[in-house]
Amino acid sequence: MTRRHLLGTALAAGASLPIAAAGRAWAAPTGSDPLLPGPLRPVLPRPTGPYPVGTVALHLVDRSRPDPVAGPGHHRALMTSVWYPAQGVGRCPTALWTPPAVLRPLLAYNGFPADVALPPRTVGHLGAPLRRTAERLPVILFSHGAHDHRAESTVVVQELASHGYVVVTVDHTYDAFSEFPDGRITVPLDNPSLGAADFATDIRFVLDCVEELAAGRNPDADHRTLPTGLAGSLDRHRIGMFGNSKGGTATALVMSADPRVRAGLSVDGPMQPLITTELDRPFMMITAEFTRALQPSVAEFWSRLRGWRLNIQVAGAVHSSYSDTQVLIPQLAKAAGMSDADLLDWVGTLPPSRAVRIQQAYPLAFFDLHLRQRREHLLDGPSPAFPEVTFLP
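All values reported here derive from a predicted model rather than from experimental measurement.

A. Focus on the overall build of the protein. The helix and strand tally for the protein stands at 10 helices and 13 strands. Relative to its 393 residues, the protein shows a buried fraction of 58%. Put simply, of all contacts in the protein between residues at least 6 apart along the chain, 74% involve residues at least 24 apart. By element, 54% of the accessible surface of the protein is carried by carbon and sulfur atoms, the whole surface being about 15,600 Å².

This is the structure:
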């Protein structure tokens, strides 16, 4: 993938909003910074669910696998975040979208000045107590795309958590921009080159850690204190997964090998290497560029689905239109010196406001149906509320 194509996918946002208006499209979350001279701090849309959101970072170490870079005596280490419905959030500050030390190389990698922006604030309250309920909470895992990071779909993650899900997001070390508790920063590397199968192996280890949490144990490698109520509140029998691009392929690979994941959602996953395993559990695909018509590997995977299945496509969407770039990049474009014409050269035509509503509505409806047996009509066919969405036969 060329640098130009990487920048193109990073800039995949709704082109119908003028750049000058894009930064005013959303209300800032509570606790965000006032407008001050200096770098821009973009804002994220608020979730629609009834519950406040909590979040905590976990440092996980897989002692069954050596670290491919650090050498002998070191094991595969991953940074993850857990997002969940919370209570008593008043004294808990909101988390940044990603640490400043991670945002700078991420911006530079994608062709922006490293100091053009500060990290957005999320609605996730750091370490807030979990909202206790009479039943354990369903769990969803998230796997990011190539050369990205675990915050790339925070819009979707916050939405799910605000509706009562525990969501675990994973940085795939050496194909992610990540910061470890000791201050070490890792960036995507060409050597080792991680494939979707490596992502899937990471996720299966994180599934083991989810089971540890469900059993009331703390899997954090540094034994940091967990938020009150988190341990022992996860439902290990109701687990789903979604992923973007390479993470979408990893979702299919995990489900093909691990029955613990009951429902999977791929967001424009290329399904390479070719997946020929038959799958009898629910699977949904939201496609843009890696379509069944253009990508034989996607068509082959679709033909192997034996259970509930659905493929939707959104008019005007490009590869990154279903991630946070929809709302963040238009806000950065003017500060980075891009003209409207330059931006329009890179983006799809799906307006950010519509993209966000689609990101919030369809993953939630899918996991509600298959992890909670809450049937809505949104997945039954075309909806007048979402005229951009096509159901592909």
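B. Representation of helix H10 (residues 352-372) in the model. For H10, spanning 21 residues, the distance from its first C-alpha to its last is 29 Å, which sits close to the expected 30 Å at 1.5 Å a residue. By the criterion of burial, H10 is predominantly enclosed, with 18 of the 21 residues buried. Just beyond H10, the residue with positive phi is Gln 373, at close to 55°.

C. Looking closely at helix H6 (residues 246-257). Taking 1.5 Å of rise per residue, the 12 residues of H6 would be expected to cover 16 Å, and the 17 Å separating its terminal C-alpha atoms lies within 8% of that figure. Of all 12 residues making up H6, 9 are buried, and the element is well covered by its neighbours. The set of residues buried in H6 consists of Lys 246, Gly 247, Gly 248, Thr 249, Ala 250, Thr 251, Ala 252, Val 254 and Met 255.

D. Up close: the packing of helix H5 (residues 196-214) against H6. The geometry of H5 relative to H6 is characterised by a closest axis approach of 8 Å and an angle of 60° between their N-to-C directions. When the interaxial angle is binned, H5 and H6 end up oblique. Two packed elements cross with a definite hand, and for H5 against H6 that hand is right-handed. Of the residues in H6, those touching H5 at Ala 196, Ala 197, Phe 199, Ala 200, Ile 203, Arg 204 and Leu 207 are Lys 246, Gly 247, Thr 249, Ala 250, Leu 253, Val 254 and Ala 257.

E. A look at the pairing of strand S6 (residues 166-170). Burial analysis of S6 places 5 of its 5 residues in the buried class, the great majority of the element. Neither face of S6 is exposed, since Val 166, Val 168 and Val 170 on one face and Val 167 and Thr 169 on the opposite face are all buried. With 4 bridges joining them, strand S2 (residues 75-85) and S6 adopt antiparallel strand pairing. Counterpart to Trp 83 in the pairing with S6 is Val 167. Two strands pair when backbone bridges link them, and strand S5 (residues 137-143) and S6 are joined in this way by 5 bridges, in the parallel orientation. Looking at the pairing, Ile 140 lines up with Val 167 of S6. The handedness of the S5 to S6 crossover, carried by helix H4 (residues 154-162), is right-handed.

F. Main features of the environment of Leu 118. Among the secondary structure elements, Leu 118 is positioned in the loop between helix H3 (100-109) and strand S4 (121-126). A sequence separation of 21 residues divides Leu 118 from Trp 97, and the C-alpha atoms of the two residues are 9.5 Å apart. Ignoring any residue separated from it by four or fewer positions in sequence, one finds Leu 118 in contact with Pro 39, Leu 40, Arg 41, Pro 42 and Leu 103.

G. Region of the structure containing the pattern of salt bridges. For the structure shown, the criterion picks out 20 salt bridges. With a closest N to O distance of 2.6 Å, Asp 171 and Arg 150 form a salt bridge. Separated by 21 residues along the polypeptide, Asp 171 in the loop between S6 and strand S7 (178-179) and Arg 150 in the loop between S5 and H4 bring together distant segments of the chain. Each member of the pair, Asp 171 as well as Arg 150, is classed as buried. The partner of Arg 281 in a salt bridge is Asp 280, with the nearest N and O atoms 3.9 Å apart.

H. Representation of the packing of H4 against H10. It is the contact of H4 with H10, at a shortest axis distance of 9 Å, that shows an interaxial angle of 50°. Here H10 runs oblique to H4, going by the angle between their axes. Here H4 and H10 pass one another in a crossing that is right-handed. Side by side, H4 and H10 meet where Val 155, Val 156, Glu 159 and Leu 160 of the first sit next to Val 356, Gln 359, Gln 360, Pro 363, Leu 364 and Phe 367 of the second. Considering only residue class, the contact of H4 with H10 consists of 7 nonpolar, 2 polar and 1 charged.

What counts and how
- Residues numbered from 1 in each chain as written.
- Predicted model: local features only at pLDDT ≥ 70, side-chain atom pairs only at ≥ 80, totals over all residues.
- Heavy atoms only, no water.
- Helix = DSSP H or I, 4+ residues; strand = E, 2+ residues; numbered from the N terminus.
- Buried < 20%, exposed > 50% of the residue type's maximum accessible area, 1.4 Å probe, protein only.
- Contact = heavy atoms within 4.5 Å.
- Areas by Shrake-Rupley, 256 points an atom, 1.4 Å probe, with all protein chains shown as cover.
- Expected span 1.5 Å × (residues − 1).
- Axes fitted to C-alpha atoms, helices over the stretch in contact; angles between N-to-C directions.
- Parallel < 35°, antiparallel > 145°, perpendicular 65-115°, else oblique.
- Left-handed = near helix turned anticlockwise from the far one by under 90°.
- Pairing = 2+ DSSP bridges.
- Right-handed = clockwise from strand over helix to strand, strands pointing away.
- Salt bridge = Lys/Arg side-chain N within 4 Å of Asp/Glu carboxyl O.
- Nonpolar A, V, L, I, M, F, W, Y, C, P; charged D, E, K, R; others polar.

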